[in-house]
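Below, each chain spelled out in residue letters.
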Amino acid sequence: MTYRFAFHRYSLPFRLSVKTAYGVWPSREGMLVRLESENGRVGYGEAAPIPAFGTETIEEVEIFCVAFGSHLTDEQIAAIPAKYNCLKFALASALDALAESPMPAANPFLAVAALLPSGRAALEEVKTKGEAGFRTFKWKVGIADIAEELPLFDDLIANLPSGGRLRLDANGAWDRRRAERWLERCANRPVEFVEQPVAAHAKGADDLLCGLAEDHPTPLALDESVVSAGDVAHWLERGWTGVFVLKLSLLGEAAAVVERLERASAAVVFSSALETAVGAKAALRLAFRFRGEARALGFGVWPLFINGCFDGPHATPFLRAEDVEVIDQEAVWNALR
Ligand code: MG
């Protein structure tokens, strides 16, 4: 099949700069793509690279899109090298949206985790979000000194609503000693998991992660360690019993990865890559089709952009499958033109 192809590169400032262990991130750069089939159906997709996670850059995505020109075939799409996983995800999403009979959702609704601001600001926000009905909260750590963050963590735990649970995300910022101090502090606290306590690709990182998982009762989650289909296969083969945090936007042919995790009965958090509603819709569709153990969605990131028309549905502790289906990708596309 040959499709009419169009693309729009965007740069969208965040409402609040995103602070992580990698530094401050003021705006999102990405690419929306549009495929139109010979029978007039239209599908949208989004490439939202995060080069710090080992993906291609937005410039590399753009080079491909320019080279494709105004038409694209299934063969060309299949021939995109694996390194260009964000672009592959964008085109797979557009093709999925073109399907005449989409796969039904396996879950009618899924819980959403609330993303707390880093540092002290989390203390008030956890109360506000708790009152709004959220019960799973995510807090970025490894940004300030451990002596500053540990007492804040105690205060945050004290502010959790009844039945609330905290996810900590270190973005690989800790060494073994700091990870151990944190995990000791987490034991017997309502911590759902600690995400990426140590860096993903340092020498001996895999053994360190497995050792920490064995020595501490708090579950660990992999995020930066699982940024490709190959990474997921590697950790399944290693028998990882912790959680997989998947930014589907980074995973290329993500549907196949999701199926593999389903067969392995793995616990999965489907997570935002801070993409617009176009990429989020495609990722959330796959999340709702997952028949395994889906934890609260890591999509509590909206409102995210200064221009709210690029956001997905926000302030909702739960998402229904139909909330995802009504996300208007064409409106987002038109807003960029
Ligand atoms: Mg993470």
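This structure is a prediction, so every number in the text was calculated from the model and none was measured.

Another aspect to go through is the overall build of the chain. Looking only at helices and strands, one finds twelve helices and 14 strands in the chain. What you see for the chain is a C-alpha radius of gyration of 20 Å, in line with the 20 Å of a compact globule of 337 residues. The principal-axis extent of the C-alpha atoms belonging to the chain is close to 60 × 40 × 35 Å. Looking at the chain residue by residue over its 337 residues, the buried ones come to 53%. Contacts in the chain between residues at least 24 apart in sequence constitute 70% of all its contacts with a sequence separation of at least 6. Accessible surface, the chain: about 14400 Å² in total, of which carbon and sulfur atoms supply 51%.

All right, on to the coordination of the magnesium ion then. Angles at a metal have ideal values that depend on geometry: 109.5 degrees with four tetrahedral donors, 90 or 180 degrees with six octahedral donors. Looking at the metal site, the magnesium ion is ligated by Asp169 (OD), Glu195 (OE) and Asp223 (OD), spaced 2.1 to 2.2 Å from it. Within one chain, the residues serving as donors to the magnesium ion are arranged as D-x25-E-x27-D. Note that Asp169 is positioned in strand E7 (residues 165–169) and Asp223 in the loop between strand E9 (220–222) and helix H8 (229–237), a separation of 54 residues in sequence. For the pair Asp169 and Asp223, a shared accessibility class is recorded, and that class is buried.

A separate point is the side chain of Thr276. Residue position: Thr276 is located in the loop between strand E11 (267–271) and helix H10 (277–289). Within polar-contact distance, the side chain of Thr276 engages the side chain of Glu46 at 2.6 Å. Once residues within four sequence positions are removed from consideration, Thr276 is found in contact with Tyr10, Leu12, Leu32, Glu46, Phe305, Phe310 and Val332.

A few words on the packing of H8 against helix H9 (residues 254–263). Two numbers describe how H8 lies on H9: the axes approach to 10 Å, and their chain directions differ by 10°. Relative to H9, H8 is oriented roughly parallel. Residues Ala229, Val232, Ala233, Leu236 and Glu237 of H8 touch H9, and the partners they reach there are Val257, Arg260 and Leu261. By residue class, the composition of the contact of H8 with H9 is six nonpolar, no polar and two charged.

All right, on to the pattern of salt bridges then. Tallied over the entire structure, the rule returns 28 salt bridges. In this structure, the salt-bridge partner of Glu192 is Arg165, at a minimum N-O distance of 3.5 Å. In this pair, Glu192 is assigned in strand E8 (residues 191–195) and Arg165 in strand E7, connecting sequence segments 27 residues apart. Residue Glu192 is classed as buried on the basis of its relative accessible area of 3%. Two residues, Arg320 and Glu322, come together in a salt bridge whose shortest N-O distance is 3.6 Å. Beyond isolated ion pairs, a larger network of salt bridges with shared partners links Arg165, Arg167, Glu192, Glu293 and Arg295.

What follows covers the packing of aromatic side chains. In this structure the tally under the stated criterion is 14 aromatic pairs. Judged by centre distance (5.6 Å) and plane angle (50°), the rings of Tyr44 and Trp333 are tilted. With Tyr44 in strand E3 (residues 42–47) and Trp333 in helix H12 (residues 329–335), this pair connects stretches of sequence that are 289 residues apart. Residue classification places Trp333 among the buried residues on the basis of a relative accessible area of 4%.

Before going further, it helps to spend a moment on the nonpolar core. Among the nonpolar cores identified, the biggest contains 83 residues, and Trp139, Phe244, Leu246, Leu248, Leu261 and Leu297 are the most heavily contacted of them. In terms of residue count, the dominant contributor to this core is H10 (nine residues). When residues no more than four places from it in sequence are discounted, the contact partners of Leu261 are Val232, Leu236, Phe244, Leu246, Ala266, Val268 and Phe290. Core analysis: the second largest hydrophobic core is formed by 26 residues, Tyr3, Ile80, Tyr84 and Ala94 among them.

A few words on the pairing of E8. The side chains of a regular strand alternate between the sheet's two faces. Of all five residues in E8, five are buried; the element is thus mostly enclosed. In this fold, the crossover linking E7 to E8 by way of helix H6 (residues 176–186) has right-handed handedness. Pairing of E8 with E9 involves two bridges; the strand directions are parallel. By the bridge assignment for E9, Val194 is matched with Leu220. At this point the chain moves from E8, through helix H7 (residues 205–215), to the parallel E9, and the crossover so formed is right-handed.

Turning next to helix H3 (residues 85–98). The end-to-end C-alpha distance of H3, which contains 14 residues, comes to 20 Å, matching closely the 20 Å that a straight helix rising 1.5 Å per residue would cover. The element H3 is extensively covered by neighbouring structure, given that ten of its 14 residues are classed as buried. The set of residues buried in H3 consists of Asn85, Cys86, Leu87, Lys88, Phe89, Ala90, Leu91, Ser93, Ala94 and Leu98.

For Ala282, the location among the structural elements is in helix H10. Sequence spacing of Ala282 and Phe7 is 275 residues, and the spatial spacing of their C-alpha atoms is 17 Å. Ignoring any residue separated from it by four or fewer positions in sequence, one finds Ala282 in contact with Phe89, Ser93 and Gln329.

Along the chain, the position of Glu195 falls in strand E8. Accessibility expressed as a relative area gives 1% for Glu195, which makes it buried. A distance of 3.2 Å separates the side chain of Glu195 from the side chain of Lys138, its partner in a polar contact.

Rules used throughout
Residues numbered from 1 in each chain as written. Predicted model: local features only at pLDDT ≥ 70, side-chain atom pairs only at ≥ 80, totals over all residues. Heavy atoms only, no water. Helix = DSSP H or I, 4+ residues; strand = E, 2+ residues; numbered from the N terminus. Rg over C-alpha atoms; globule rule 2.2 N^0.38 Å. Buried < 20%, exposed > 50% of the residue type's maximum accessible area, 1.4 Å probe, protein only. Contact = heavy atoms within 4.5 Å. Areas by Shrake-Rupley, 256 points an atom, 1.4 Å probe, with all protein chains shown as cover. Donors = N, O, S within 2.8 Å, 3.2 Å for Na, K, Ca; no water. Polar contact = N/O pair within 3.5 Å; in protein donor to acceptor, adjacent residues only side chain to side chain. Axes fitted to C-alpha atoms, helices over the stretch in contact; angles between N-to-C directions. Parallel < 35°, antiparallel > 145°, perpendicular 65-115°, else oblique. Nonpolar A, V, L, I, M, F, W, Y, C, P; charged D, E, K, R; others polar. Salt bridge = Lys/Arg side-chain N within 4 Å of Asp/Glu carboxyl O. Phe/Tyr/Trp six-rings, centres within 6.5 Å; stacked < 30°, edge-to-face > 60°. Core = buried A, V, L, I, M, F, W, Y, C linked by side-chain atoms within 4.5 Å. Right-handed = clockwise from strand over helix to strand, strands pointing away. Pairing = 2+ DSSP bridges. Expected span 1.5 Å × (residues − 1).

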